[in-house]
Amino acid sequence: MHLLLAQNSVTDSLQRIVAQHRRDTIEMNALLDLTFEFLRKDAEKGKSYAYQAMTLARSKQNNRKLAGAYGYMVTLHQNSGRMDSAAYYLDELGTLAKADPSATKIKIAYGQIAGLFYKNQGEYRKALPFMLDNLHLLTTENESRAGQLLNIGNTYFDLGEYKHAVNYHLQSLTLFDKLRSKRGQSFCLQSLGNDFLNLKQFEQAKKYFEQSFNLKKELQDKRGTITAFTGIADVYKELQKFETSEQYYNQALQISREMNLIKEEARCQFQLGMLYGRMGNGLKGRETIAQSLLLSRKAGDSTMTAKIRSELNGLRLMEKKERETETTFISNLNTFINSGDRAGEALEYSRLSEYHASRKQFDKALYYLKKHEQLKDSIEGSSVLLQMKQLEEQYKSEKKEKEIELLKKEQALNDAELRQQRANQTILGIALLSAMVIGLLLINRYRIMNRTKRQLELERMRQGIARDLHDDIGSTLSSINIMSQLALNESGEAGHQLKKIVSQSAHMMETMSDIVWSINPGNDSVEQMINKMKEFAGEILEPKDIDYHFDVDAGTSAMTLTAEKRKNLFLIFKEAINNAAKHSEGNKVDILLNRENGSLHLTVRDNGKGFEPSVTKSGNGLKNMEARAAALQGSLTRKSKPQTGTEIVVKVPIT
């Protein structure tokens, strides 16, 4: 079904091209291809397309396409029994080939068509030189060469040279196998069936005929099924299965009439007549063979005509109706000798022997019988059969070797494809992994950019807040502090309240200064924090004559801290310095900043009077320091003993 759709699709495509009337080489090719498509299915349609191709090629002076059209016209007219028309177009093709000796393809086309023309006329000796010459010109291993090998094999078959026939048939089949041409394979299998049928190897012949029929059926080769049916019918006839044989002959005869193939119809009628004779119905056999004689003469096949006359003469001899004279037998014999039909020649010797034996001319009968036996032995002898079997086995062996080689190549190809698939999978995996990595990098970059963007926005906001606090609220507090101090100098009873205002506003100014400092992104580094610490320590400790010393590890200054961490750490430091200044009564403070195990350590140590932690209650200052350390997810420890000073250690995680 799929093949039928494919073929219809090809035909439809070609017909659409022709319908465009392009009047160019493309249209000519389409017309010739359509001729080929209908050659074996609908002869009249094929002839119509060939005529259109011929007319267009003449108008465009395209000799190569014109040669192709002439070739088809010869074949189509010969198949339908119009021998004068077929001969006319063959002469036209010959003239075209002689006009340009350098046109090898036209010369090949002429040789091929001429060989088939004379072969189909029964002039085998005249056909063979054309075919052999063409084979030397067809050096490329293509369907043209394979077809020529097949035609040569068929011609040798008609000449009774079965060994040569099988040799060329197997060569042709080998090449068609290589080209994967099912149509060519079907022709070769049919011819091999005929080879073995004539050597009475019936089962072998039947196998080839059936293989050929299956391919022709698949290809919808309606004309080809005629020869397949007649071949199978011939086998069943020899196997004495006459009814089955008759069914196949009748099917072939019906198709021949439907396609108006006169020559094929003549062959089918002849074979049916022979079958009726074998079945004991001599009258029906003679009538059927007589009908085939009329058709054969109409088709112009002299060799076929001679075979039919010879068979009629044989039937008359068997029935003792000796109306034929020796001249008739000799005429048939000369026809077979001239055409090269050795099988027909051998049969005619047998007929002459029977004729002279019936007349009691035993010396002539023995002479012709010896000629018959000698020729038959050369055609069908055991040595010929052995050689044919050897050729067939050689073909099978070579085919098997090629199949093994093909399997090895397919295996190697499969292995290569598997390796390629694995490589592709690896590449695909790498590509996917790379895509994932790139995707992650892009996502990470996007996040970093967003985070950076947010950080920049936050820094701008912090700068704005710090600026606003410093400029607006800071200046307002400063004004309140200054005015309250002035008012304090001039006040009387309100002096106590004004002192509170001065004190509170001063504290607020100090706190505001710390907040502004912590918010400002310019102070995010530890170095800025250290500078702030030094400034604060100097303001608090120097007036009290307390010596202080900063010890900062290398690299610590370059660190950055968030505003929250800087603020809380600085406020813890302020509280520790204030405590040392107010309560320690010492004269020295050591301040240490270092990194250790992913934490920033701040140590404030004085040499004051110290205290007993178990006795002294913690004030609000120490509690605030511990709360700030906890907010930093860090820790705060204090160490103190009476007369040994106090040490505050804050650990803040920085990773």
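In this text the structure is predicted, and so the values were computed from the model without any measurement. (Residues numbered from 1 in each chain as written. Predicted model: local features only at pLDDT ≥ 70, side-chain atom pairs only at ≥ 80, totals over all residues. Heavy atoms only, no water.)

Let's shift gears to the overall build of the protein chain. Within the protein chain one finds 24 helices and five strands. A buried classification covers 44% of the 655 residues belonging to the protein chain. Summarising the internal contacts of the protein chain: among those between residues at least 6 apart in sequence, 62% fall at separations of at least 24. For the protein chain, the computed accessible surface area is about 35300 Å², with 51% contributed by carbon and sulfur atoms. (Helix = DSSP H or I, 4+ residues; strand = E, 2+ residues; numbered from the N terminus. Buried < 20%, exposed > 50% of the residue type's maximum accessible area, 1.4 Å probe, protein only. Contact = heavy atoms within 4.5 Å. Areas by Shrake-Rupley, 256 points an atom, 1.4 Å probe, with all protein chains shown as cover.)

Bringing the confidence of the model for the protein chain into the picture now. When pLDDT is averaged along the protein chain, the result is 80; 76% of the residues meet or exceed 70. Mean pLDDT across the elements of the protein chain ranges from a minimum in helix 21 (residues 495–519), with 63, to a maximum in helix 13 (residues 242–258), with 92. For the stretch residues 1–6, pLDDT sits under 50, and the model shows three contacts to residues farther than four places along the chain or on other chains. (pLDDT = per-residue confidence, 0-100.)

Trans peptide bonds make up the majority, and among non-glycine residues the majority have a negative phi. A positive phi angle, near 55 degrees, is found at Asn 260, a position not held by glycine. Among the structural elements, Asn 260 can be located in the loop between helix 13 and helix 14 (262–278). On the basis of relative accessibility, which here comes to 38%, the residue Asn 260 falls in the partly exposed class. Positive phi, normally seen in glycine, also occurs at Gln 643, with a value near 70 degrees. Residue position: Gln 643 is located in the loop between strand 4 (635–640) and strand 5 (646–653). Note on Gln 643: relative accessible area 68%, which makes it exposed.

This part takes up helix 12 (residues 222–238). Think of an α-helix as turning once every 3.6 residues; residues three or four places apart then point the same way. End to end, helix 12 covers 25 Å across 17 residues, agreeing with the expected 24 Å (1.5 Å per residue, within 8%). Directly after helix 12, the chain includes Gln 240, whose backbone phi takes a positive value near 70 degrees. (Expected span 1.5 Å × (residues − 1).)

To continue, consider the side chain of Lys 65. In this structure, Lys 65 sits in helix 4 (residues 63–79). For the buried Lys 65, no salt bridge exists, and the shortest N-O distance to an oppositely charged side chain is 7.9 Å, to Asp 33. (Lys, Arg positive; Asp, Glu negative; His and termini not counted. Salt bridge = Lys/Arg side-chain N within 4 Å of Asp/Glu carboxyl O.)

Turning our eyes to something else, we now look at the pattern of salt bridges. Applying the stated criterion across every chain, the model contains 12 salt bridges. Residue Lys 119 pairs with Asp 158 through a salt bridge whose shortest N-O separation is 3.1 Å. One end of the pair, Lys 119, is in helix 6 (residues 104–120); the other, Asp 158, is in helix 8 (residues 143–158), and 39 residues separate them in sequence. You can call Asp 158 buried: its relative accessible area is 15%.

On to the sheet that holds strand 4. Taken together, five strands build an open sheet; the order of strands is 1-2-3-5-4 and the sheet is mixed. This sheet does not close on itself; its edge strands, each paired only once, are strand 1 (547–552) and strand 4. Averaged over all pairs of adjacent strands, the angle between their axes in this sheet comes to 10 degrees, without regard to strand direction. Sheet topology places strand 2 (residues 588–596) next to strand 3 (residues 599–606); eight bridges connect them, and they run antiparallel. Note on strand 3: the bridge partner recorded for Glu 596 is Ser 599. Together, strand 1, strand 2, strand 3, strand 4 and strand 5 form the strand contacts of helix 23 (residues 563–583), whose direction differs from that of strand 3 by roughly 15 degrees. The sheet contacts of helix 24 (residues 620–631) involve strand 4 and strand 5, and relative to strand 4 the element is tilted by about 145 degrees. (Pairing = 2+ DSSP bridges. Axes fitted to C-alpha atoms, helices over the stretch in contact; angles between N-to-C directions.)

A few words on the pairing of strand 2. A regular strand places its side chains so that they alternate between the two faces of the sheet. Where strand 1 and strand 2 come together, six bridges link them in parallel fashion. Bridge assignment links Tyr 548 to a residue of strand 2, and that residue is Val 589. With helix 23 bridging strand 1 and the parallel strand 2, this β-α-β connection has left-handed handedness. Joining the antiparallel neighbours strand 2 and strand 3 is a turn of two residues, in which Asn 597 adopts a positive phi near 55 degrees. (Right-handed = clockwise from strand over helix to strand, strands pointing away.)

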